[in-house]
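Each chain, letter by letter, is given below.
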Amino acid sequence: MTSKAEDKLLHYTSKAIADYAMIQTGDRVMVCLSGGKDSYTLLRILHRLRVRNGNKFEISAYTLDQGQPGWDDAPMRAWLEAHGYAYHIEKRNTYAVVLDKVAAGKTYCSLCSRLRRGNIYRYARDNGYTKIALGHHRDDLIQSFMMSALYSGEIRSMPPKLLTDDKRHIVIRPLVYCQEKDIIEYAQEQQYPIIPCNLCGSQEGMMRQRVKQLIAQLAAENPKVPSNLLHALSNVQSSQLMDKSLWNFKALEAQRKNPHVAAEEDTLPITNNPWDPQPWGVSR
């Protein structure tokens, strides 16, 4: 029997995979298992979907031991082995690099994530993985969206599917439709052996926590705020913004003078994805 939380996570993860053609038959998917509730949930839900769909793709967990104080992956290893999940835990002391490079009082997250990402891409390349799966969920996406707008002056977030700059890797986020509250409930049911992040989790006043609190306050007044923010990420009205690379404002003069003839240069062409994947079937 599945729980209500698991049913919701299975449904929304299946929908995201289908909507964004995240996984194809024959894929080798590397799930980045950090030791937190989100990545544990991603690994378990993907395994459930893999079985439902006839084992049409492979899954293996990859964990990077960054040498942080208090790190103990013994319970994680026991959990992975008890469930029969393929995994690899690699030790790379990036913690020492972060301490050396980041000034006292500054947040470690940016450099820490860059070092972690570099090791993830290297391992995926060296071991022939076709997809790298990350555990970011709906709330991560909308928080990143708000942070970028408020603190960086950019409209951006975390895409559900990404081709890396070097064109070597495809990163997927199958939990993009899943709410954190459902993941929390599921994690409590599953009793994951959580490994806390003592590197960045101990730093107070980070931007993400402030934005998270802001969204929670707005949602208390209007419960649709979080879902509206997520919907906004897939409902971009480029003509209502100010980005000249998305809309040719100069061409509007030609259209005003001759409104019955559409100017060829009115908008920039929308290019298709350079590859056309065949998605694997998603069953309910």
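Quick note: structure is the one above.
Residues numbered from 1 in each chain as written. Predicted model: local features only at pLDDT ≥ 70, side-chain atom pairs only at ≥ 80, totals over all residues. Heavy atoms only, no water.

Visitor: I keep staring at the nonpolar core and nothing clicks. Help me out?
Guide: In summary, soluble globular proteins display a tendency toward joint burial of nonpolar side chains. Core analysis: the largest hydrophobic core is formed by 47 residues, its most contacted members being Ile 23, Val 31, Leu 43, Leu 46 and Leu 80. By size, the runner-up hydrophobic cluster in this structure holds eleven residues, among which are Ile 120, Ala 124, Tyr 129 and Val 171. (Core = buried A, V, L, I, M, F, W, Y, C linked by side-chain atoms within 4.5 Å. Buried < 20%, exposed > 50% of the residue type's maximum accessible area, 1.4 Å probe, protein only.)

Visitor: Sorry if this is basic, but what is going on with a nonpolar patch on the surface here?
Guide: Nonpolar side chains collect at one region of the surface, where Leu 150, Tyr 151, Met 207, Leu 214 and Leu 218 lie side by side and expose about 430 Å² of accessible area between them. Where the nonpolar patch is concerned, the elements lending two or more residues are α6 (138–152) and α8 (207–221). With three residues, α8 is the single largest residue contributor to the nonpolar patch. Mapped onto the elements, Leu 150 comes out in helix α6. Given the relative accessible area of 51%, Leu 150 is considered exposed. (Patch = residues over 30% accessible without salt bridge, like charges linked within 9 Å, V, L, I, M, F, W, Y side chains within 5 Å. Areas by Shrake-Rupley, 256 points an atom, 1.4 Å probe, with all protein chains shown as cover. Salt bridge = Lys/Arg side-chain N within 4 Å of Asp/Glu carboxyl O. Helix = DSSP H or I, 4+ residues; strand = E, 2+ residues; numbered from the N terminus.)

Visitor: What is the right way to read helix α9 (residues 225–233) from this model?
Guide: Two residues of an α-helix separated by three or four positions point the same way, owing to the 3.6 residues in each turn. Of the positions making up α9, those classed as buried are Val 225, Pro 226, Leu 229 and Leu 230. Projected onto a plane normal to the axis of α9, the buried residues spread over an arc of 140 degrees and lie on a single side. Where α9 is buried, its residues meet α6 and α8. (Arc of directions from axis to C-beta. Contact = heavy atoms within 4.5 Å.)

Visitor: Please clarify how the sheet that holds strand β1 (residues 28–32) should be interpreted in this entry.
Guide: Strand pairing in a sheet relies on backbone hydrogen bonds, with the paired strands running either antiparallel or parallel. Taken together, the six strands give an open sheet; going across it, the order is β3-β2-β1-β4-β6-β5, and neighbouring strands pair in mixed fashion. Because the sheet does not close on itself, it has two edges, and the strands there are β3 (87–91) and β5 (161–163). Going across the sheet, the axis of each strand differs from the next one's by a mean of 25 degrees, ignoring polarity. In this sheet, β3 lies alongside strand β2 (residues 58–65) in parallel orientation, the contact comprising five bridges. Residue pairing in the sheet places Ala 61 in a bridge with Tyr 87 of β3. (Pairing = 2+ DSSP bridges. Axes fitted to C-alpha atoms, helices over the stretch in contact; angles between N-to-C directions.)

Visitor: How do you make sense of the layout of surface pockets when you look at a structure like this?
Guide: It is a probe the size of a water molecule, rolled over the atoms, that shows where empty space is left. For the second largest pocket, the calculated volume is near 740 Å³. For the second largest pocket, the lining is made up of 21 residues, of which Ala 232, Leu 233, Ser 234, Asn 235 and Val 236 are closest to its centre. Top element by residues in the lining of the second largest pocket is α9. It accounts for four residues. Its residues assigned to classes, the lining of the second largest pocket comprises 15 nonpolar, five polar and one charged. (1 Å grid on protein atoms, 1.4 Å probe; cavity = no way out; pocket = protein on both sides within 12 Å on 5 of 7 lines; lining within 4 Å. Points joined across faces, edges and corners; volume = space filled by probe spheres on them. Nonpolar A, V, L, I, M, F, W, Y, C, P; charged D, E, K, R; others polar.)

Visitor: I'm lost on the packing of aromatic side chains in this one. Help?
Guide: Under the definition given, this model contains eight aromatic pairs. Aromatic side chains Tyr 40 and Trp 79 sit 4.9 Å apart centroid to centroid with 80 degrees between the ring planes, which places their arrangement in the edge-to-face category. Of the two residues, Tyr 40 is situated in helix α2 (residues 37–52) and Trp 79 in helix α3 (residues 74–83); the sequence distance between them amounts to 39 residues. The pair Tyr 40 / Trp 79 is uniform in exposure class, with both members buried. In textbook terms, an aromatic cluster arises when at least three aromatic residues are bridged by ring pairs, as seen for Tyr 40, Trp 79, Tyr 85, Tyr 186 and Tyr 192. Over the aromatic face of Tyr 129 sits the side chain of Arg 28, whose NZ or CZ is 4.4 Å from the ring centroid. (Phe/Tyr/Trp six-rings, centres within 6.5 Å; stacked < 30°, edge-to-face > 60°. Lys NZ or Arg CZ within 6 Å of the ring centre and 35° of its normal.)

Visitor: Just to check I follow, could you spell out the side chain of Asp 65 for this structure?
Guide: Topologically, Asp 65 is positioned in strand β2. Setting aside residues up to four positions removed in sequence, Asp 65 forms contacts with Trp 71, Asp 73, Ile 89, Glu 90, Lys 91 and Arg 92.

Visitor: Sorry, what's going on with the pairing of β2 here?
Guide: Along a regular strand, successive side chains alternate from one face of the sheet to the other. With respect to burial, β2 is a largely interior element, seven of its eight residues being buried. Since β2 and β3 lie parallel, the crossover through α3 that links them has a hand, and here it is right-handed. (Right-handed = clockwise from strand over helix to strand, strands pointing away.)

Visitor: I would appreciate a short explanation of the packing of α2 against helix α7 (residues 180–190) in the present structure.
Guide: Pairs of packed helices are described in terms of their axes, by the angle between the two and the distance that separates them. One way to put it is that α2 packs onto α7 with a least axis distance of 10 Å and a crossing angle of 80 degrees. Taken as axis vectors, α2 and α7 run roughly perpendicular relative to one another. Of α7, the residues touching α2 (which contributes Lys 37, Asp 38, Thr 41, Arg 44 and Ile 45) are Glu 180, Ile 183, Ile 184, Tyr 186, Ala 187 and Gln 190. (Parallel < 35°, antiparallel > 145°, perpendicular 65-115°, else oblique.)

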